[in-house]
Structures are given as structure tokens and as C-alpha cells.
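Below, each chain spelled out in residue letters.
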Amino acid sequence: MELKLMKVHGSMNTFYLYEGADRSDYGVLAEELCRLDPEVDGLLAVLPSSSSSANARMRVFNKDGSEASMCGNGLRCVARYVCERDGLENAVIETMKANLKVEKQASDGSIAMYAVEISPVSFKLADLPMAYEGNEEWILKPLPFISETILFTAVAVPNPHLIGIVPAELQKGGAHQQKWAEFFNGPNDYFSDGVNVSYVTKAEDGIFVKTFERGVGFTNACGTAMTASALVGCLAGLVPYGDVSVFNPGGMVKCSVIKGDSGYSLQLAGNATYLSNHLFLWQESGTNSEFISSELLGEQRDYEDFILKTSTISGQFV
Ligand SMILES: N[C@H](CCC[C@H](N)C(=O)O)C(=O)O
């Protein structure tokens, strides 16, 4: 089967995007693509929506073939794809647990910028799921079996996140974070479906977030994690509610955190960059699939200039 693929990224969290009919074996395709192209973190499938109020449906598959309920960086890329396909400035994208509003934002120079709704948000441990000593929530408290000083928060947006507020020294190297993230994503008594693990550190003008993603490993950025971390940063008083600058190894995004009467409204805004077009010959039965052709789209140089500009803007730890 010959597939037209586009390689895209949000904050250097890189995916192949494919528009087609729904299939039961996109997880297998994701594994195959990421095996052949290790810099890619997963697959975004853009499908027709069964909902009359949505312009399209997104499914997201991790590098290991597992399906996630949401992907913030990926949704920005899907938002751009659908808005440009249909000539829209804003749209609604059906995801596993919600129809989410997306909108084109003013470009930053030549960088395409999109904002996406991150929802639903739940602190109920059952919604991750997480099991810990019969607790129903876990917000800004140490997990003593890990550390007496790191304040952890468990939140679903709606994919599962465990977020720790750590000093700058724990952001170097990543061994401590990797140890616990690998534990929670293997056989364990706490997270039966795994969890994305993020370490957050106060930065001069916002927060810095590094994430070990369920089904992937360390990535340059994780959109849902950065947004959930912005919420945790507000709860912890690291940053004021409103627009939060979130720095990450892949660049910088703006997260909006609004506290309302009925809970939190979260939005993630940042780049949606097209890297290249590809023709891929997918041998659905075996593993000898191969890329037939590729064509660079010339947007990455501008993104790299954007990173240089933003990462010098006080993304440094304090
Ligand atoms: N690894 C995540 C899915 C990808 C989410 C991430 N790439 C993002 O931008 O939100 C999970 O299994 O929940």
C-alpha cells in the first residue's frame, strides 16, 4: 500500500501525519515508521469525523504503537493541516475524549502558529488511572518512596501525567526522571496504563519542562505535559494564572491557564511546522516497508532561528 505522508513537528515533537480512512492497524504503521525513522515520536492519523460539529478526527499513536487519548503538539499540526485543507481560520477536531477547538494564530515571522484547546482536565486518580494508597487525588505532595522534597501532581488532560517540581540540578542528565518513568511504564502497582512523567523547574520568565513520554521516552517536548505543567506551576505559585511561557528542549510554547467556576480552561499555542513530504510503501503483512521518495519543505531553518530567539529569552533556570 503506497501512503502519502507528511513529516511535521510541534516544538520539535516530530510525527508523520497521514490523512485517510480509519484503520485498526495504525499502531503497527506507527511502530514501523518510527523504526525506520528514529527521530520521529509517533503517527498522527487525520480521519473523517462522525461528529457533525467537527471538521476532522485525530488519532495519535506513540512510537511503540500504543494509542494515546490526546497529543497537544500533534493537534497543532493537525489543526494547521485541516484549516489549510478547508480554508479555515479555526476548526473543531474530534479526539478520543473530546471535540477540541483549534485556531490559527498570527504567524511569528514565517512560523505557522496554532492554538489548541486541551481538555478535559481531571485530577481524579481514577481518570489517569493511578492507584496510590486509596487516594482520590494527588496534588503538590511528595511521593515518599521517590523523594521527600519533590512535590508531585497527577493529572489527566485527558492523557495521564505525573508532574514533579524539581530543582535545576535534577534537570541535568535525566537519570532520576528516567528511572521512575521507566518504572511507572513497566509492570507496576501505581499506573496500570503507564504515565507521561515531567520534571518542571521555575525559569526566569516562566517554567522549563522536560518529559519522558509514555510509549516514546524522552522527547523534545510534550504538548499535553507542558500544558499540564503550566497548570501545576500556577497551582504551586511558580507563575501567575493566565499566559505561561513554557520552555523545553525543543523550543517554547505559550500555555493559557484560566481558573473558572467549573474547573480549569487550558490552551496550548505554538508552532506547527511542516518538514517534508514522503511516499511510503507499506507492506502491511511484513516489515520490509520502505520510503520511496521525500521532499523537504524548507520551513525548518526559520524554526531554528525562532528557537535561537526564544530560548535566549530567559528560559534559563532560576
Ligand atoms: N505519549 C503521550 C501521547 C503523545 C502526547 C505528546 N506528544 C503531546 O504532545 O501531548 C501519551 O501516551 O499520552
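Residues numbered from 1 in each chain as written. Predicted model: local features only at pLDDT ≥ 70, side-chain atom pairs only at ≥ 80, totals over all residues. Heavy atoms only, no water.

Looking at an unreviewed UniProt entry, one finds the chain named Diaminopimelate epimerase and attributed to Planococcus koreensis. As stated in UniProt under Subunit (unreviewed entry), the record for the chain gives "Homodimer." (UniProt positions renumbered as here; feature names shortened; annotations may be inferred.)

1. Thoughts on the overall build of the chain
A count of helical and extended segments in the chain gives five helices and 19 strands. A compact globule built from 318 residues would reach a C-alpha radius of gyration of about 20 Å, and the chain, at 19 Å, matches this within 12%. By principal-axis analysis of the C-alpha atoms, the chain measures approximately 55 × 45 × 40 Å. The buried share among the 318 residues of the chain stands at 56%. When the accessible surface of the chain is summed, it comes to about 13100 Å², and 50% of that surface belongs to carbon and sulfur atoms. (Helix = DSSP H or I, 4+ residues; strand = E, 2+ residues; numbered from the N terminus. Rg over C-alpha atoms; globule rule 2.2 N^0.38 Å. Buried < 20%, exposed > 50% of the residue type's maximum accessible area, 1.4 Å probe, protein only. Areas by Shrake-Rupley, 256 points an atom, 1.4 Å probe, with all protein chains shown as cover.)

2. Looking at empty space enclosed by the protein
What the rule picks out here adds up to two cavities of 30 Å³ or more. Estimated volume of the largest cavity: approximately 130 Å³. Of all the elements in the fold, those that place two or more residues in the lining of the largest cavity are β2 (13–19), β4 (56–62) and α4 (223–235). Classifying every residue of the lining of the largest cavity by side-chain character gives seven nonpolar, six polar and three charged. Both domain 1 (2–116 + 271–311) and domain 2 (125–269) contribute no fewer than three residues apiece to the lining of the largest cavity. The space that makes up the second largest cavity amounts to roughly 40 Å³. Forming the boundary of the second largest cavity are S110, I111, A112, T273 and E299. A breakdown of the residues in the lining of the second largest cavity according to their chemical character gives two nonpolar, two polar and one charged. (1 Å grid on protein atoms, 1.4 Å probe; cavity = no way out; pocket = protein on both sides within 12 Å on 5 of 7 lines; lining within 4 Å. Points joined across faces, edges and corners; volume = space filled by probe spheres on them. Nonpolar A, V, L, I, M, F, W, Y, C, P; charged D, E, K, R; others polar. Domains from an automatic or database assignment.)

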